[in-house]
Amino acid sequence: MFAKIKLPAGLDRRGTEYQSKARFWDADLVRWYLDRLQPIGGWTLLAGSLTGTPRALHTWVDNTASGRVAVGTESNLYVVTPGGVITNISPVSGWTSQSATSTWTLDNAGQLLVGVYDAHGTIFTWSPGDANAATLTNAPSCDSIVVTNEGIIMALGSAGNPRQIAWCDRDDFTDWTAGFADLAGDLNVQARAGIQCGHKIRAGVLIWTSEDLHIARYVGLPNVYGVTPVANDCGAISRGSVVMVDDMAYWMGQNSFYVCNGGAYVDEIPCFIHDDVFGAINQSHTSKVRAAHNSEFNELWWFYPKDAATENSHVAVYNYVEKHWTHHAIDRHCGIGRGNGFTNPLMVDGSTVYQHETGTAMPGAGTPFARSGPVEISNGERVMHTRRCIPDEKAAGDVELYFYTRPYPNASEVTHGPFDAANPINLRFTGRQAAMEFRQNTANDWRVGDYRLEGVPGGLR
């Protein structure tokens, strides 16, 4: 008797391994795309020798249509070209190295790079051709910044008030004083906590605190901007935990993931790896959580520090089109999706900027694998005498196969394998429940389809 083994895409770790029957239970460095299991892409060096721990990335295009990525570390600010040329543009005055738990927020107004390091509070700007970033004249201190659809720099948590926002005039970034004929101004957001960050959408600017979400809309003179609440109990866990996909905002909160459609409403995203993320995240270092969009595969990546790690050590990944989750053990401080002159997503470790999703080499990482929860016959009252397996792969032999059998959920498991999954495999094992593991054997762009197992149901003797 042959049985087709077709497991739904993504991990299901909401309970015990036994409760994930006929689902995938664990994985690393793999993804499901178009319902097919495959390895994530590899990575190669773009630029190295950064000083200080990287905290933020931002890509943009200058007036010559040249792409650039800004990299903010705890001690320096860099600009890197698509060709890997790195330039230290750190401010020469008004700047010192800051706390390891603080972060940059970066944006651009046209070709002008705008950034602030929250522990320092000074807004800096840099134009292509300048030697170094410089303090923005007359700008208030703040915790984070965002450039609005109107081309106005908005300072969030300004002038020492964590709930205040301030903005400059549209035609003069150095004018921050409200006047009869300009658009500069400020207001207090009626929020339950201090502001974390802001991101623009078509309707205005979404503003997150650690507790709630608001939207600032341009209303023209005399008030210029008005702020209204969107939802409570859905704040952002860090300044870098929000990622935008067109007009949709996705973010990691204190104990859940959320999505907001155009500023209209907020929904919680069901997370099938919830306990692995929120039950293991290092609560003392949640300010380091970062998010990135991997548009080629419709994925959102959240980098976070797990267990005793004090820097980001793992990634929670959500496919927002196919609605499933997985995770990876990769030490990346932050990342950003492709675009603005960069053909691949960029991610940064301690001192190096990598281009991801290129080739198959994964230096410093483990072996890609995916393991299922138990598969059993009927309700488990019988055992399966397994005789043969018929693999289904894109290229035979790129994956090896393991089986793990147990007579009941908490019993010690017996490992069978590895088996070269190139041709029909002769097997000889018996178990009431069996889990399957697909493990990379050759670093190629492999695919796993629907396997078939031949077995005979029976008793243990």
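Up top is the structure.
Conventions adopted
Residues numbered from 1 in each chain as written. Predicted model: local features only at pLDDT ≥ 70, side-chain atom pairs only at ≥ 80, totals over all residues. Heavy atoms only, no water. Salt bridge = Lys/Arg side-chain N within 4 Å of Asp/Glu carboxyl O. Helix = DSSP H or I, 4+ residues; strand = E, 2+ residues; numbered from the N terminus. Buried < 20%, exposed > 50% of the residue type's maximum accessible area, 1.4 Å probe, protein only. Pairing = 2+ DSSP bridges. Axes fitted to C-alpha atoms, helices over the stretch in contact; angles between N-to-C directions. Phe/Tyr/Trp six-rings, centres within 6.5 Å; stacked < 30°, edge-to-face > 60°. Lys NZ or Arg CZ within 6 Å of the ring centre and 35° of its normal. Core = buried A, V, L, I, M, F, W, Y, C linked by side-chain atoms within 4.5 Å. Contact = heavy atoms within 4.5 Å.

On to the pattern of salt bridges. A complete count under the given rule lists 24 salt bridges for this structure. For Lys6, the salt bridge is made with Asp450, and the minimal N-O distance between the two is 3.8 Å. Pair noted here: Lys6 is in the loop between strand S1 (2-5) and strand S2 (24-28) and Asp450 is in the loop between strand S39 (433-440) and strand S40 (451-458), with a separation of 444 residues, a long-range link. When its relative accessible area of 45% is taken as the criterion, Lys6 is described as partly exposed. Under the relative-accessibility criterion, Asp450 is labelled partly exposed at 22%. In this structure, the salt-bridge partner of Arg14 is Asp12, at a minimum N-O distance of 2.9 Å.

Our focus in this paragraph is the sheet that holds strand S20 (residues 212-220). Hydrogen bonding along the main chain pairs the strands of a sheet, whether they run parallel or antiparallel. The strand order across the open sheet built from four strands is S18-S19-S20-S21, with neighbouring strands paired in antiparallel fashion. Edge positions in the open sheet fall to strand S18 (195-201) and strand S21 (224-232), since each of these has one partner strand only. For this sheet, the mean inter-axis angle between neighbouring strands, taken without regard to orientation, is 25°. Pairing of S18 with strand S19 (residues 204-209), which is carried by six bridges, proceeds in the antiparallel orientation.

Applying the stated criterion across every chain yields a total of 20 aromatic pairs. Ring centres of Tyr250 and Tyr320 lie 5.8 Å apart, and the angle between their planes is 35°; on these two criteria the pair is classed as tilted. Taken together, the positions of Tyr250 in strand S23 (residues 248-252) and Tyr320 in the loop between strand S28 (314-319) and strand S29 (324-328) put the pair 70 residues apart, joining distant regions of the chain. On the basis of an interplanar angle of 25° and a centroid distance of 6.2 Å, the ring pair of Trp302 and Trp325 is categorised as stacked. Within this pair, whereas Trp302 is found in strand S27 (residues 299-304), its partner Trp325 is found in strand S29, the two being separated by 23 residues in sequence. Residue Trp302 shares its accessibility class with Trp325, and that shared class is buried. Every member of this aromatic cluster is reached through a ring pair, and the members are Phe257, Phe278, Trp302, Tyr318 and Trp325. For the cation-ring pair, Arg13 lies above Trp25, with the distance from its terminal atom to the ring centre recorded as 4.3 Å. Across the ring face of Phe297, the terminal group of Arg31 is positioned such that the distance to the ring centre comes to 3.7 Å.

Another aspect to go through is the sheet that holds strand S14 (residues 144-147). Read across the open sheet, the four strands follow the order S14-S15-S16-S17; overall the sheet is antiparallel. Each edge of the sheet is formed by a strand with only one pairing partner; in this case those strands are S14 and strand S17 (185-188). Strand-to-strand, the axes of this sheet are offset by a mean angle of 20°, without reference to chain direction. Where strand S16 (residues 164-167) and S17 come together, four bridges link them in antiparallel fashion. Following the sheet pairing, Trp167 is matched in S17 by Gly185.

Right, let's get into the pairing of strand S4 (residues 36-39). Where strand S3 (residues 30-33) lies against S4, four bridges are found, and the strand directions are antiparallel. Considered in S4, the bridge of Trp32 is made with Leu37. Counted between consecutive antiparallel strands, the loop separating S3 from S4 contains two residues, among which Leu34 sits at a positive phi close to 55°.

Glancing now at the nonpolar core. Tyr250, Phe257 and Trp302 are the most contacted members of the largest nonpolar core, which totals 48 residues. Phe257 has contacts with Trp251, Met252, Asp267, Glu268, Ile269, Cys271, Val277, Phe278, Trp302, Ala316 and Trp325, leaving out every residue within four places of it along the chain. Grouped together as the second largest cluster of nonpolar side chains are 30 residues, Ile123, Cys142, Leu156 and Tyr225 included.

Here the residue pair Leu221 and Pro222 is connected by a cis peptide bond, since its omega of 10° sits within 30 degrees of zero. For Pro222, the position within the fold is in the loop between S20 and S21. Residue Gly417 is joined to Pro418 through a cis peptide bond whose omega torsion reads 15°. Residue position: Pro418 is located in strand S37 (residues 414-420). The backbone of Ala65 sits at a positive phi, close to 70°, despite the residue not being glycine. The topology assignment puts Ala65 in the loop between strand S6 (54-61) and strand S7 (67-73). Note on Ala65: relative accessible area 62%, which makes it exposed.

Don't take any of this as a statement about function, it's just geometry.
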